[in-house]
Amino acid sequence: MPPAPPESSDELLHRLQRFHADYFPLHQQRFQDLVAQGQHPKTLFIGCSDSRLVPYLLTGAGPGELFIVRNVGALVPSYDGSHGLHGTMAGIEFAVLMLHVKSIIVCGHSHCGAIRTAYEGAPEEAKALQNWLRLVDEALLPVQPCPEALLRTEQRSVVLQLERLMDYPMVRREVEAGRLKLHGWHYVIEEGEVHVFDVQRGDFVPASRSTHSGTGPFTPHVEHLNE
Ligand SMILES: [Zn+2]
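What you see is a predicted model; the values in this text were computed from it and never measured.

**Details of the overall build of the chain**
And then number 1: Scanning the chain from N- to C-terminus turns up seven helices and six strands.
And then number 2: Taken over the C-alpha atoms alone, the chain extends approximately 65 × 50 × 40 Å along its principal axes.
And then number 3: Within the chain, the fraction of its 227 residues that count as buried is 30%.
And then number 4: Taking contacts inside the chain between residues at least 6 apart in sequence as the whole, the part at least 24 apart equals 61%.

**Section: the nonpolar core**
And then number 1: Core analysis: the largest hydrophobic core is formed by 46 residues, its most contacted members being Leu44, Ile46, Ile104, Val106, Cys107 and Trp185.
And then number 2: At five residues, the largest contribution of residues to this core is made by helix α6 (residues 147-165).
And then number 3: Residues in contact with Ile104, not counting those within four places in the same chain, are Leu44, Ile46, Leu165, Leu180 and Leu182.

**Overview of the sheet that holds strand β4 (residues 181-188)**
By way of backbone hydrogen bonds, the strands of a sheet pair with one another, either parallel or antiparallel.
And then number 1: In space, the six strands of this open sheet follow the order β2-β1-β3-β4-β5-β6, with mixed pairing throughout. In this open sheet, the two strands that pair with only one neighbour each are β2 (66-71) and β6 (203-206). Each strand of the sheet is rotated relative to its neighbour by a mean of 30°, with strand direction disregarded.
And then number 2: Where strand β5 (residues 193-198) meets β6, four bridges bridge the pair, whose relative direction is antiparallel. What sits directly across from Asp198, in β6, is Asp203.

**Details of the domain arrangement of the chain**
And then number 1: Domain annotation of the chain identifies domain 1 (11-40) and domain 2 (41-209).
And then number 2: Centre-to-centre separation of domain 1 and domain 2, based on C-alpha positions: 28 Å.

**Structural notes on helix α4 (residues 113-120)**
Since the α-helix turns once every 3.6 residues, residues separated by three or four places project in the same direction.
And then number 1: Those residues of α4 not exposed but buried are Ala114, Ile115, Thr117 and Ala118. Seen along its axis, α4 keeps its buried residues to an arc of 160°; they face one direction.
And then number 2: The inward-facing, buried residues of α4 contact β1 (43-48) and α6.
And then number 3: Gly121 sits one or two positions beyond α4 and adopts a positive phi of about 95°.

**A few points about the UniProt feature "binding site: Zn(2+)" (unreviewed entry) in the chain**
And then number 1: Residues annotated by UniProt as "binding site: Zn(2+)" (unreviewed entry) correspond here to Cys48, Asp50, His109 and Cys112. Of the residues just listed, which span 65 residues, no C-alpha pair is farther apart than 8.6 Å, and they cluster in one region.
And then number 2: Within the fold, Cys48 resides in strand β1.
And then number 3: On the basis of neighbour count, Cys48 is assigned to the buried category, with 25 C-beta atoms found within 10 Å.
And then number 4: Filtering out sequence-adjacent residues up to four positions away, Cys48 remains in contact with Leu53, Arg70, Val72, Gly73, Ala74, Gly108, His109, Cys112 and Ala114.
And then number 5: Assignment of secondary structure puts His109 in strand β3 (residues 103-109).
And then number 6: You can call His109 buried: it has 24 C-beta atoms within 10 Å.
And then number 7: Among residues more than four places away in sequence, those in contact with His109 are Cys48, Asp50, Leu53, Glu154, His186, Tyr187 and Ile189.

**Digging into the confidence of the model for the chain**
And then number 1: Here the chain averages 93 in pLDDT, and 93% of its residues register 70 or above.
And then number 2: Between residues 221-227, whose pLDDT stays under 50, and residues either more than four places distant or in other chains, the model counts two contacts.

**A word on the environment of Asp50**
And then number 1: Among the secondary structure elements, Asp50 is positioned in the loop between β1 and α2 (55-59).
And then number 2: Aside from chain neighbours lying at most four places away, what touches Asp50 is His109, Cys112 and Gly113.

Rules used in this analysis
- Along each chain, residues carry numbers from 1 onward, in the same order as the chain's sequence is written.
- Note on the predicted model: pLDDT of at least 70 is required for a residue's local features to be given, and 80 or more for side-chain atom pairs to be given and counted; whole-chain, interface and lining totals, by contrast, use all residues.
- Runs of E in the DSSP output that reach at least two residues are strands. Runs of H or I that reach at least four are helices, and both are numbered from the N terminus.
- To sort residues by exposure, count the other C-beta atoms lying within 10 Å of each residue's C-beta; 20 or more gives buried, 12 or fewer gives exposed, and values between give partly exposed, all with C-beta atoms placed from the backbone.
- A pair of residues counts as a contact when their C-beta atoms, built from backbone coordinates, are within 7 Å of each other.
- Any set of buried Ala, Val, Leu, Ile, Met, Phe, Trp, Tyr and Cys residues joined through C-beta atoms within 7 Å is what this text calls a nonpolar core.
- Strand pairing is assigned whenever DSSP detects at least two bridges linking the two strands.
- Structural elements are reduced to axes, namely lines fitted to C-alpha atoms, with helices fitted over the stretch in contact, and the angle between N-to-C directions of any two is expressed from 0 to 180 degrees.
- Boundaries of every domain are those given by an automatic assignment or by a domain database.
- Directions from the helix axis toward the C-beta atoms define the arc.
- UniProt positions are given in the numbering used here, feature names are shortened, and annotations may be inferred rather than shown by experiment.
- Values of pLDDT, which run from 0 to 100, indicate the predictor's confidence residue by residue.

See below:
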């Protein structure tokens with residue numbers, strides 16, 4: 001058998017080996033605790049698949065803290081009760097009904113290829129993508145997709161997805177009971193800042209100037225005295 005080459009040309013393999021050799025030994029206890037005690041993440045993060053959106057960096061989270069569902073555009077399918085083979089829908093049900101998360105974040109971002117494609121059209125062969133992007137339709141503006149319109153659409157889409165989340169019976173029930181909060185985020189890559197949706201202002205506010213981490217498109221829950 002010939003000796004292995006001194007340096008692997010397989011970049012992914014090299015990264016796997018580095019994780020096991022360098023990172024894991026430093027954090028071994030944390031991972032083993034998470035196995036022994038199970039995962040108890042408090043947050044469901046629904047984010048765009050874009051490679052520039054790194055949820056762990058934005059939130060400073062580590063292993064066990066975020067339950068993540070990512071898809072093209074950070075979109076939430078309409079709750080139609082069909083219980084079909086739908087990954088995003090199943091992820092939402094798992095997070096709310098089995099993990100009992102306290103927050104759901106919908107995180108879009110600047111320069112989102114999904115939003116641009118919703119205006120310009122997907123390749124002819126991409127039938128699933130064409131269908132999927134219909135979930136953005138109601139957020140589209142009747143204008144040419146200039147940078148400003150794209151940004152507004154990215155933000156409008158976040159709010160639209162939050163509204164759809166409220167159609168999920170288990171989400172609505174938990175939100176109305178005050179056990180679950182929704183957060184709309186728009187990450188501006190070039191500014192290194194998330195802008196959070198503020199339902200009172202009806203707009204997105206830079207996190208550096210916000211007094212909260214974002215709201216859903218509804219009046220916040222008010223505690224009743226007899227509860
Ligand atoms: Zn995107």
